[in-house]
Amino acid sequence: MSYRLSRFASLVLGSALSVTTLFGAGELDKVMKERGLTQADLLAAAKTYTPSGGRDKYIVFSSGGQSGQIMVYGVPSMRILKYIGVFTPEPWQGWGYDDDTKKILAQGNIRGKQITWGDTHHPALSETAGKYDGKWLVINDKANPRLAVIDLADFVTKQIVVNPVFKSDHGGAFFTPNSEYILEACQYAAPFDNNYHPIEEYKETYRGGVTVWKFDHEKGKIIPEESFTIEMPPYMQDLSDSGKAASNGWGFTNSFNSEMYTGGIEKGLPPFEAGMSRNDTDFLHMYNWKKLAELAKDDKNVKIINGHRVIPMNVAIKNDALFLIPEPKSPHGVDVSPDGKSIVVCGKLDTHATVYDFDKLMKAIKNKDYVGKDPYGIPILDLKKTMHCQAELGLGPLHNQYGKNWKDGEIYTSLYVDSQVVKWNYKTCKVEDRQNVNYNIGHLCGMEGKSADPQGDYIIALNKLAIDRFNEIGPLHPQNHQLIDIRGKKMQLLYDMPVPLGEPHQAVAIRASKLHTHVRYKMGTNAFTGEVHEGKTLAGQEKIVRKGNHVYVYGTVVRSHINPERVTVNKGDIVTFYLTNLERAQDETHGFTVDNYNIHTSLEPGKTVAATFKADMEGVFPYYCTEFCSALHLEMMGYLMVKDPNKKYTAAKKLKMAAMSPEQLKKEYEQTVAVNNATDKVIQSVVKFLKDNHYEKYPTVKALVVDALDQYGKIAEQKKKSDAAVKAGDLEKAILFENMIWQYMVKTADVGIRAKDLLVKKVAKPMSEAAKRGETAYLEGGCNGCHVIGKVSSGPDLTGVLQRHENGEQWVAEWIMHPEKMYENDYIKSMINYFNLKMPNQGMTEQQTKDIIEYLKWIDENANLF
Ligand code: CUK
Ligand code: CUA
């Protein structure tokens, strides 16, 4: 437990003594009173607060709802880390503003129509043996039936596929246990073909179904040619889940319009909502995707619709691969247990959750124990004979997640109408605990809570409304994700996080330790294909090539210039900027835009991008780097000049400007050289420190040093040019080259000092627990306000302070605890005089004082590093 946490803990335990001793003068009490916090609030804060630099245990991928994107955040801190551009443009990432990302977005065009929004619902993580493997993420778009594949090596969308027969989808994406396939169930039934069919022919020509997408688990690619759809009745298929372990090979999809009602409010008929909820039960569809995948390979088992393989219902029925099981009124969630033996279904309009027993389902199928057939001839199994138990949970049960003790029956269910999370037992169907949430929870997200390996720890309630939770920001409120601690017997609500992006129906969480992301791209990579980019350009290879009316710019970006800096084209030319970010340093990202031309790219280290546009406006257009990447970021720019070839331009009259005298020029030149020499000295001292401390042994430090030396290595060439200019008598030019040298030095120093700081941390002897506590006391006591380690500032340098006095430790201890008693001491008097300051009594306890002395000892041991 960290020091910080133990402080909170002792406080919550109510030890008044520890409060005053640790915080001094009831500082915490004051804050509590001011902010109206209870002790339970403090405990919740301690459970979620993540100090600067801290990391989260879990990473959550949340649907971004109507934004068509994905939101990534950490648990328990609930800090948002990223929005991933998926179905819609995301300007920062250049998603939809450069050639390669436009191509991926165009994969999502429907019948040639560009779709610029998405309604994302269900993200899914790829699995190996039913457990999350941290490789791929897939999400569906309900409005425009599409799936997208996101690569978790760089959190970038790599593929979008459009469902060829559905007009909307919902029950997807769900991976099969070894990611062989992804299930995507239809939502609103419609004709599979693209023709008009009157609604009076609903039962005959409208269809639902489940598309079983083949997935290349290695490459992270959906293979449409090897995918197929299982035709199903027009029952409005809804959420789905893939069987696993015991039930591997089967899929489960529920539905909510077994009435096959077709609405008609405008004709005086009762509305959809009434007609669709008339029956007491709807159907859970159970289908053997494994068997059907084999059947789908044979042409005689499939119909080709829109170029896609569809297995007709009668083929599935004949092969014992499709069944229906009644389930209570308007079901919504269906969630298979980690061992695949139980299938839990929630009825939105029922107060129950029903637990089906997979063994009983299989027994009924084997014995052909049917209660009848639906109008399409699909056998119906008996609800009573196949269920294990029903649990009375409350109003509007929607979705389920499993807890760490799932083997004993631990499960959590969201109650939409009651606005609650219920903890219950799916083996005994008994309710164990309830937690109110605000308001109207949809999904809930457990930590790997639907994989074969639920981790417990937390449940996140994904609430639809935020009503009274946050500051007023107008009629459109954010959504609200509430973090709940489920480690104890009782659930504890910890934190509310507003979600300002859209309605995130579902989120999935994975242990952060399972993710392994790239630090940078291999030089010249097309991030969207993983291959070498056709526009890859290395330093020195920059060029502008014209082919007919198409101008290709092969450029590079590196702190802090874009090469080339001037590009001149004719009005009407097509221009492609290929840009490669030559940086190797982590996080040294540049952005690129040409003003007024609506292109933008994000250039992470090593990446090559392409941006093509028609130069259809005459004029002068600055282009620039859009990330504040270095102290000279503003200078990282250039000009695109677009000339009209049919126009005659008259030259402007040159202004006469005052010129510098040769003496002034000489003085400026000498000053510039002197500054460079002084800067170089600083750099050399840093380099010596790095070498003396064997920076090469630490890969992260080494990467920085390599980058710094890379910058430094460019100086020689500039110096040559400067000297040549001096020789030719052009001091003006020489000064510019000397300035360039200085720029390289600044960049070297910038990275070099970062490397030094990092190295100090690596080579310093590890701190003892006492010294760590001492450092905290030192910092929180504000000692660093006057003392800087390694330097005399408003107070003396504390390096070596223990050696400066006889019985140093005792002397320092007394001085810290009772400084006022020593103000008359001659040495102290002289110091007070010198600094014109008195060391105040900071109210340190004996323990804190001891700890600080341990910290001072640690400083002395590492004195060479400061
Ligand atoms: S659905 Cu929205 S709350 Cu699309 Cu999974 Cu249930
Ligand atoms: Cu590169 Cu700013």
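The structure presented is a predicted model; accordingly, all values stated were derived computationally and were not measured. (Residues numbered from 1 in each chain as written. Chains lettered and ligands numbered in written order. Predicted model: local features only at pLDDT ≥ 70, side-chain atom pairs only at ≥ 80, totals over all residues. Heavy atoms only, no water.)

Visitor: Explain the pairing of strand β5 (residues 131–141) to me, please; I cannot follow it from the model alone.
Guide: Moving residue by residue along a regular strand, the side chains alternate between the two faces of the sheet. Counting buried positions over the 11 residues of β5 gives nine, a clear majority of the element. As paired elements, strand β4 (residues 120–128) and β5 share six bridges and run antiparallel to each other. From the neighbouring strand, E127 faces β5, where its bridge partner is Y132. Taking the residues between adjacent antiparallel strands as the criterion, β4 and β5 are bridged by two residues, where A129 takes a positive phi near 50°. Summarising the sheet, β5 and strand β6 (residues 146–151) pair through six bridges and their orientation is antiparallel. Bridge assignment links W136 to a residue of β6, and that residue is D151. Count of turn residues in the β5/β6 antiparallel hairpin: four residues. (Buried < 20%, exposed > 50% of the residue type's maximum accessible area, 1.4 Å probe, protein only. Helix = DSSP H or I, 4+ residues; strand = E, 2+ residues; numbered from the N terminus. Pairing = 2+ DSSP bridges.)

Visitor: What is the right way to look at the packing of aromatic side chains in this model?
Guide: For any pair of aromatic rings, the description rests on two quantities: the centre-to-centre distance and the angle between the ring planes. With the rule as written, the count across this model stands at 30 aromatic pairs. Aromatic pair Y181 and F228: ring centres 6.5 Å apart, planes at 75°, arrangement edge-to-face. Of this pair, Y181 sits in strand β9 (residues 181–185) while F228 sits in strand β11 (residues 221–232), placing them 47 residues apart in sequence. Comparing Y181 with F228 shows no difference in burial state: the two are buried. Relative to F592, the ring of F577 lies with its centre 5.0 Å away and its plane at 50°, an arrangement referred to as tilted. Taken as a pair, F577 in strand β37 (residues 574–581) and F592 in strand β38 (residues 590–594) lie far apart in primary sequence, 15 residues in all. The residues F577 and F592 share a single accessibility class, namely buried. (Phe/Tyr/Trp six-rings, centres within 6.5 Å; stacked < 30°, edge-to-face > 60°.)

Visitor: In this structure, what is going on with the UniProt feature "domain: Cytochrome oxidase subunit II copper A binding" (unreviewed entry) in the chain? I would like to understand it.
Guide: Listed under "domain: Cytochrome oxidase subunit II copper A binding" (unreviewed entry) in the UniProt record, and renumbered for this structure, are residues 505–655. End-to-end, the C-alpha atoms of residues 505–655 are 64 Å apart, and along that stretch the chain is 0% helix and 42% strand. (UniProt positions renumbered as here; feature names shortened; annotations may be inferred.)

Visitor: Can you help me understand the state of the cysteines in this one?
Guide: Covalently bonding the sulfur atom of one cysteine to the sulfur atom of another cysteine gives a disulfide. A full pass over the atoms with the stated rule returns one disulfide. Between C389 and C429 runs a disulfide, and the two sulfur atoms are separated by 2.1 Å. The disulfide joining C389 to C429 has a torsion of about 80° about its S-S bond and is therefore right-handed. With C389 in strand β23 (residues 387–392) and C429 in the loop between β26 (420–425) and β27 (430–436), the pair connects residues that are 40 residues apart, well separated along the chain. Of all cysteine sulfurs, the one in C429 lies closest to C346, which takes part in no disulfide; the gap is 11 Å. Judged by its relative accessible area of 0%, C346 falls in the buried class. The closest cysteine sulfur to the non-disulfide-bonded C786 is located on C783, 8.9 Å from its own sulfur. (Disulfide = S-S within 2.5 Å.)

Visitor: Got a minute to help me understand the site of ligand 1 in this structure?
Guide: Contacts to ligand 1 come from H121, H122, H170, L239, H332, H399, G442, H443, K464 and H505. Breaking the shell around ligand 1 down by element, the ones donating at least two residues are β4 and β28 (441–447). For the shell around ligand 1, a count of residues per class yields one nonpolar, eight polar and one charged. (Near = heavy atom within 4 Å. Nonpolar A, V, L, I, M, F, W, Y, C, P; charged D, E, K, R; others polar.)

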